[in-house]
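Observations on chain architecture
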Amino acid sequence: MLRAIPAILSIALAIFALADCVQTQDDEVRGLPKWAWIVLIVLIPWVGPITWLLVGKDRTDGTGRGPGRGGPRRSGPIAPDEDPDFLRKLDEDIRRERREKERLRKEQEAREDQQRSESPEDPPSA
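Description of the structure in this document. These figures come from a predicted structure and were not determined experimentally.

**Regarding the packing of aromatic side chains**
Enumeration over the complete set of coordinates arrives at one aromatic pair. Each ring, one from Trp37 and one from Trp52, has its centre 5.5 Å from the other, and the planes form 65°; the classification is edge-to-face. Here Trp52 lies in helix 3 (residues 47–56) and Trp37 lies in helix 2 (residues 34–43), a separation of 15 residues in the sequence. Accessibility expressed as a relative area gives 3% for Trp37, which makes it buried. For Trp52, a relative accessible area of 0% gives the class buried.

Below, the structure written as C-alpha cells:
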C-alpha cells in the first residue's frame, strides 16, 4: 500500500496539470504550444506536470502583476454594496428623504402655530 502512494500522487498531479492545460486559453500558454505541453505532461511523470504548473501558464492578470497583487482581479459587475457610485446615490437619496421629512415637519408646525394664533383664546370662565 505504501508503494502505491507515489504512483497515485503522480497520476493525480498529471490529471490536475492536464486539466489545467486543456482549460487554459491559447494566449495564456507560455514557452511551447498547448499540444506540446499536453504531450509533456502525459509522457514525463512529475517533471511535465510540475514544469507546466511553474512555467507553462501565464498567471498574471494582464497588468504585469501576479494574482492577488494590486486591485480587484475581476472586471465584471461588483456587488451593490461595493459599488461607490451606488453607495453615493443611496446616501444622497437618504439625505434627500430626511430633508423632505424635516421640511414637512416644519411646515406642519408652522401651520399649527398659525392656527393657534388665529383662533380666539378661550374666554376665562366666570
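**Observations concerning the pattern of salt bridges**
This structure, assessed with the given rule, holds 14 salt bridges. Lys101 is paired through a salt bridge with Glu97; the nearest N and O atoms lie 3.5 Å apart. Here the residue Lys101 and the residue Glu97 both occupy positions in helix 4 (residues 84–118), the gap between them amounting to four residues, near one helical turn. Taking the shortest distance from any N to any O, the salt bridge between Glu107 and Arg103 comes out at 2.5 Å. Of this pair, Glu107 and Arg103 both sit in helix 4, separated by four residues, roughly a single helical turn. By relative accessible area, which is 31% here, Glu107 ends up partly exposed. Taken together, the salt bridges that share partners define one network made up of Glu100, Arg103, Glu107 and Arg111.

Conventions adopted
Residues numbered from 1 in each chain as written. Predicted model: local features only at pLDDT ≥ 70, side-chain atom pairs only at ≥ 80, totals over all residues. Heavy atoms only, no water. Phe/Tyr/Trp six-rings, centres within 6.5 Å; stacked < 30°, edge-to-face > 60°. Helix = DSSP H or I, 4+ residues; strand = E, 2+ residues; numbered from the N terminus. Buried < 20%, exposed > 50% of the residue type's maximum accessible area, 1.4 Å probe, protein only. Salt bridge = Lys/Arg side-chain N within 4 Å of Asp/Glu carboxyl O.

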